[in-house]
Amino acid sequence: MAQEYKLILKHADEPGYTPDIDCYLHHGGYEALKKALAMQPKDLPDGKKVSPQEQIREDVKTSGLRGRGGAGFSCGLKWSFVDRKSGKPIYLICNADESEPGTFKDRQIMYKDPHQLIEGMAISCFANDVHLAYIYIRGEMVDGAKILNRAIAEARSKNFLGKNIAGSGYDLEIHVHRGAGAYICGEETGLIESLEGKRPYPRIKPPYFPAVLGLWMCPTIVNNVETLCNVKHIVALGAAEFAKLGTPNNTGTRIVSLSGHVKKPGYYEIEVGKATIGELINDPQFGGGLLDGRKLKAVIPGGSSAKVFKAGEKFKLKKKGADGQMSEHEVEMLDLPYDFDSLIAAGSMSGSSAIIVIDDSADIVEALANIAEFYAHESCGQCTPCREGALWMSKALHRLTHGEGRASDADYLVKIADNIPNGRTICAFGEACSWPVQSFVGKFKDEFVAKGKADEERRAKEQVKPATATPPERHELATAH
């Protein structure tokens, strides 16, 4: 039976726990940072030495930590790409823009336990020789920015930030930068452009990989809030112990945002892969099941850009047996383990770990129209397929939801969606706006066709041809000569 396992949120919701530094220190805060700063070089059998920074970077890689922001890429591997030979300063940016619809996990950390984020960032910065870091926070999180600024000031007053941190000789400053509420700033290069004070147009990769040419054309690491908090726990527990949490290749914990038609929407922390989608929706300690009298219709498993699952869907997944051999087996959608790899194998993704539950009371066309309108509004406009295609899809869905639909709109939507992604745009926004349309229409096509057909039939009945009237006699003007 699945259980909630609180690692990141261990103290956040405890009665009496407050976001100030005294409370954090009382609960063992900044001990992991002290441990990291006190590490000594390690001697290797070949006579070489491994610096404390290299040891932490290797521990993060060994831990199996994957990014919690959306892509699920190895954090340690991402750090290994950083250009450390350029002679330029290295920067670290915490992506706190949390703007994927359905996602509300990172703000729980920032509002309730900000010092955990600061400690995770400080360790990550130390490990990567970073002396200046930024927290890029979504503009609407006004209180969050105030809480973080207050926490940074407190950390500086206790010598956990600033010059010569904890007497180690290591210097670090962290600044909070408020965005302006643009979804595109969740894309790391768009975020960097915004942080530089420019319009947030994502950069072409290559050559502009942040690890080489990031903030001010310097090597830059961009990590999500939850990802950076995990670094603290890797140092505290040790890489091997951290890797025991979760499942192979899906280690640690994840905070799941659960919303939609469930009795107990909220955020729940689980060991990765130790709970299924069905358990997260129906178990009394999680979602508590659907509202009374309702039936499950669909599940969006990873934020609004993830491809939707239809209730009752089954998938053929490969699994390694006790003998080490791979075998194929059939899995019902609700029995899918909630981890990175299983959801990718099923044709979707865990994304920002935001599950949106849709029951049979929902109009699936209306639901997609709402999502498409969001993406049409949030396109930065730099790439033609995305700028035009997202708007065309939204307009077609607006027709379908306002009595002007056509039976052919379903095929029209898919045709547009198929011509936006797969390398046609600079960033992944092309996929983000296309995947919902491709999957919703692909799995519920009959509803789209039926709505368009009903509109056509209604309009045909309403269209009454006016009776043909006898035209008035035409009088020619005679011209006298």
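Residues numbered from 1 in each chain as written. Predicted model: local features only at pLDDT ≥ 70, side-chain atom pairs only at ≥ 80, totals over all residues. Heavy atoms only, no water.

Here's the deal with unusual backbone geometry
Leaving glycine out, the prevailing phi sign among residues is negative, and the prevailing peptide bond configuration is trans. With an omega of -5°, the peptide bond running from K205 to P206 counts as cis. In this model, P206 is joined to P207 through a cis peptide bond whose omega is 10°. Its place among the elements puts P207 in the loop between helix 8 (188-195) and strand 6 (220-224). Positive phi values are uncommon outside glycine, yet Y30 reaches one of about 70°. (Helix = DSSP H or I, 4+ residues; strand = E, 2+ residues; numbered from the N terminus.)

Considering the state of the cysteines
Applying the stated rule across the entire model yields 0 disulfides. No disulfide involves C218; its nearest neighbouring cysteine sulfur is the one of C125, lying 15 Å away. (Disulfide = S-S within 2.5 Å.)

Re the layout of surface pockets
Estimates place the volume of the second largest pocket at around 440 Å³. What lines the second largest pocket is a set of 17 residues, and nearest its centre among them are K318, K319, P337, D339 and S342. For the lining of the second largest pocket, the secondary structure elements donating two or more residues are strand 13 (314-320), strand 14 (326-332) and helix 12 (340-345). Considering each element in turn, the lining of the second largest pocket owes the most residues, 4 residues, to strand 13. Residue classes in the lining of the second largest pocket are distributed as 6 nonpolar, 5 polar and 6 charged. (1 Å grid on protein atoms, 1.4 Å probe; cavity = no way out; pocket = protein on both sides within 12 Å on 5 of 7 lines; lining within 4 Å. Points joined across faces, edges and corners; volume = space filled by probe spheres on them. Nonpolar A, V, L, I, M, F, W, Y, C, P; charged D, E, K, R; others polar.)

With respect to the pattern of salt bridges
This structure, assessed with the given rule, holds 32 salt bridges. Notably, a salt bridge pairs D292 with K263, separated by 3.0 Å at the nearest N-O pair. Taken together, the residues D292 in the loop between helix 11 (277-282) and strand 11 (296-300) and K263 in the loop between strand 9 (253-260) and strand 10 (266-271) connect sequence positions 29 residues apart. The exposure class assigned to D292 is exposed, which follows from its relative accessible area of 66%. (Salt bridge = Lys/Arg side-chain N within 4 Å of Asp/Glu carboxyl O. Buried < 20%, exposed > 50% of the residue type's maximum accessible area, 1.4 Å probe, protein only.)

Observations concerning empty space enclosed by the protein
If you walk through the whole model with that rule in mind, you get 1 cavity of 30 Å³ or more. Approximately 80 Å³ is the volume found for the largest cavity. For the largest cavity, the lining is made up of 13 residues, of which C380, C383, C386, C427 and F429 are closest to its centre. Here the lining of the largest cavity is built from residues that sort into 8 nonpolar, 5 polar and no charged.

So, the nonpolar core
Among the nonpolar cores identified, the biggest contains 62 residues, and L117, M121, I135, L172 and I174 are the most heavily contacted of them. Here this core gets 8 residues from one element, more than from any other, and that element is helix 6 (residues 114-127). Setting aside chain neighbours within four positions, we find M121 in contact with L92, C94, A133, Y134, I135, I174 and L228. One finds L215, V222, A306 and F444 within the second-largest nonpolar core, a separate group that totals 49 residues. (Core = buried A, V, L, I, M, F, W, Y, C linked by side-chain atoms within 4.5 Å. Contact = heavy atoms within 4.5 Å.)

Things to note about the confidence of the model for the protein chain
Here the protein chain averages 94 in pLDDT, while 96% of its residues score no lower than 70. Counting interchain partners and residues more than four positions distant, the pLDDT-below-50 stretch residues 475-481 has 0 contacts. (pLDDT = per-residue confidence, 0-100.)

Regarding the sheet that holds strand 10
In space, the 5 strands of this open sheet follow the order 10-9-15-11-12, with mixed pairing throughout. At either end of the open sheet lies a strand with only one pairing partner, and these are strand 10 and strand 12 (309-310). Two strands pair when backbone bridges link them, and strand 11 and strand 12 are joined in this way by 2 bridges, in the antiparallel orientation. Bridging across to strand 12, V299 finds its partner in F309. (Pairing = 2+ DSSP bridges.)

A short note on the packing of helix 3 (residues 52-63) against helix 9 (residues 225-237)
Remark: helix 3 packs on helix 9, axes separated minimally by 10 Å, with the N-to-C direction vectors making an angle of 100°. Here helix 3 lies roughly perpendicular to helix 9, going by the angle between them. Across the interface between the two elements, I56, D59, V60 and S63 from helix 3 touch V231, I234 and V235 from helix 9. Across the contact of helix 3 with helix 9, the residue classes break down as 5 nonpolar, 1 polar and 1 charged. (Axes fitted to C-alpha atoms, helices over the stretch in contact; angles between N-to-C directions. Parallel < 35°, antiparallel > 145°, perpendicular 65-115°, else oblique.)

Remarks on the sheet that holds strand 5 (residues 173-178)
Spatial ordering of the open sheet is given by 5-4-3-6, a layout of 4 strands whose pairing is parallel. The two strands at the open ends of the sheet, each matched to only one other strand, are strand 5 and strand 6. Direction aside, the axes of adjacent strands within the sheet are offset by 20° on average. Bridge count between strand 3 (residues 90-96) and strand 4 (residues 130-137): 7 bridges; the pairing is parallel. Paired with A96 across the strands is I137, a residue of strand 4.

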